[in-house]
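For reference, the chains in residue letters:
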Amino acid sequence: MHNAALAELGMAGEWGYEAIDVAPGGFEQRLGAMPRQGFAGANVTVPHKGAALAIADLLSETAREIGAANTLTFAGGEIGADNTDAAGLLNALPASPAGKRALVLGAGGAARAVVWALVRAGAEVEVWNRTELRSRNLCEELGGRPVPGPDQGAYGLIVNSTAVGLRGEDPFEELPLAAGAFAPGQVVMDMVYGAEPTRLLAAAREAGAAVVDGIEILVQQGALSFRIWTGREAPLDAMRAAARG
Ligand code: NAP
């Protein structure tokens, strides 16, 4: 996706994006070496998002409040940490969530960015998680209200930020949702990607809801990271085409 964006803008000769596998124990050392190896920055993903925050010299307000960084920059001998997951999610929405009642499923790293973004954007956020203690703690820290038994029809926006569906789990077995209970006028988002459309989104679309898939969210957060590193607006269509293969 990033290499496609670089090619589209004629920057591929000078810039490149590569995947680097790092074991948790080797993160600090690997990251520490990257600035002198010519890297401008890095995306960081599970399980390193917390460690990325700890290693940084400068934190954006977003990264600090969410408690995780997905985008690092190396400039002037310092490591800067940002989080583009939150703004990427908002950019993937078809309309502002301000004033909407929103249900967020999950209380892991992805859910933290989602809740932070939606609360900040003025949505009325409720959070369900399989392990209730985690949703209570998340809401205490970031806002929103934990909800043990959500009323699926009552929300304008429903976001699956659990990992359900990633390994073929049935969302209608594992989550407090029924396939037939989505409604037209609702927006349903699934952070899980790799099996488009996921069973969750297929059912939501069937019921007439608007859907946003995990690839669009991935592209939107990537576009924001691209701008941070390069100072250039990301070519979204080239990134989408690459991400969708
Ligand atoms: P995480 O920190 O490991 O959290 C996992 C969450 O899923 C927890 O809330 C967990 O509940 C819940 N969960 C797992 N299995 C479940 C099941 N069988 N039934 C009910 N709940 C279950 O993971 P994460 O980093 O938040 O990522 C979550 C998902 O979002 C992943 O699929 C990831 O790929 C995706 N993601 C996508 C994007 C994107 O750009 N599209 C960005 C980030 C993440 P418990 O607390 O009860 O364990």
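Heads up: these notes are all about the structure in this document. Bear in mind that the values here come from a model prediction, so they are computed numbers and not experimental data. (Residues numbered from 1 in each chain as written. Predicted model: local features only at pLDDT ≥ 70, side-chain atom pairs only at ≥ 80, totals over all residues. Heavy atoms only, no water.)

## Quick word on the overall build of the protein chain
(1) Moving on: Across its full length, the protein chain holds eleven helices and ten strands.
(2) Moving on: Taking 245 residues into account, the globule formula puts the C-alpha radius of gyration at 18 Å, and the protein chain, at 18 Å, falls close to it.
(3) Moving on: With the C-alpha coordinates aligned to their principal axes, the bounding extent of the protein chain is approximately 55 × 35 × 35 Å.
(4) Moving on: Expressed as a percentage of the 245 residues in the protein chain, the buried residues total 46%.
(5) Moving on: Put simply, the protein chain shows about 11600 Å² of open surface, and 49% of that area lies on carbon and sulfur atoms. (Helix = DSSP H or I, 4+ residues; strand = E, 2+ residues; numbered from the N terminus. Rg over C-alpha atoms; globule rule 2.2 N^0.38 Å. Buried < 20%, exposed > 50% of the residue type's maximum accessible area, 1.4 Å probe, protein only. Areas by Shrake-Rupley, 256 points an atom, 1.4 Å probe, with all protein chains shown as cover.)

## Details of the environment of Ala19
(1) Moving on: Within the secondary structure, Ala19 sits in the loop between helix H1 (2-8) and helix H2 (27-33).
(2) Moving on: With 24 residues separating them along the chain, Ala19 and Asn43 place their C-alpha atoms 9.2 Å apart.

## Observations regarding the site of the ligand
(1) Moving on: Taken together, 22 residues lie around the ligand, and Ala110, Asn129, Arg130, Thr131 and Arg134 are the ones closest in.
(2) Moving on: Ala107 has a polar backbone atom sitting 3.0 Å from an oxygen atom of the ligand.
(3) Moving on: Backbone polar atom of Met191 to a nitrogen atom of the ligand: 3.0 Å apart, as the coordinates give it.
(4) Moving on: Calculation on the ligand without its partners gives an accessible area of 930 Å², and the protein chains cover 80% of this total.
(5) Moving on: Broken down by element, the residue count for the shell around the ligand peaks at three residues, all from helix H10 (residues 214-230).
(6) Moving on: Classifying every residue of the shell around the ligand gives eleven nonpolar, eight polar and three charged. (Near = heavy atom within 4 Å. Polar contact = N/O pair within 3.5 Å; in protein donor to acceptor, adjacent residues only side chain to side chain. Nonpolar A, V, L, I, M, F, W, Y, C, P; charged D, E, K, R; others polar.)

## Digging into the sheet that holds strand S4 (residues 78-82)
(1) Moving on: The sheet built from four strands is open, its strands ordered S1-S3-S4-S2 with mixed pairing. The strands lining the two open edges of the sheet, one partner per strand, are strand S1 (41-43) and strand S2 (58-59).
(2) Moving on: The pairing of strand S3 (residues 71-75) with S4 spans five bridges and is antiparallel. When the bridges of S4 are listed, Thr71 appears paired with Asp82.
(3) Moving on: Against the sheet, H10 contacts S1, S3 and S4, and its axis sits at roughly 5 degrees relative to S3. (Pairing = 2+ DSSP bridges. Contact = heavy atoms within 4.5 Å. Axes fitted to C-alpha atoms, helices over the stretch in contact; angles between N-to-C directions.)

## Section: the pairing of strand S5 (residues 101-105)
(1) Moving on: For S5, the tally of buried residues reaches four of five residues, placing the bulk of the element in the interior.
(2) Moving on: In this structure, S5 lies alongside strand S6 (residues 124-128), joined through five bridges in parallel fashion. Across the sheet, Ala102 pairs through a bridge with Val125, a residue of S6.
(3) Moving on: Viewed along the sheet, the connection from S5 through helix H6 (residues 109-120) into S6 turns out right-handed. (Right-handed = clockwise from strand over helix to strand, strands pointing away.)

## As for the nonpolar core
(1) Moving on: By size, the foremost hydrophobic cluster in this structure holds 29 residues, and its most contacted members are Leu89, Val104, Leu118, Leu157, Val159 and Met189.
(2) Moving on: Listed by contribution, the elements that provide at least two residues to this core are helix H5 (85-92), S5, H6, S6, helix H7 (132-142), strand S8 (157-160) and strand S9 (187-190).
(3) Moving on: It is H6 that contributes the most residues to this core, seven residues altogether.
(4) Moving on: Residues contacting Leu118, with those up to four places away along its chain left out, are Leu89, Leu90, Leu93, Pro97, Ala102, Val104, Ala123, Val125, Leu157 and Val159. (Core = buried A, V, L, I, M, F, W, Y, C linked by side-chain atoms within 4.5 Å.)

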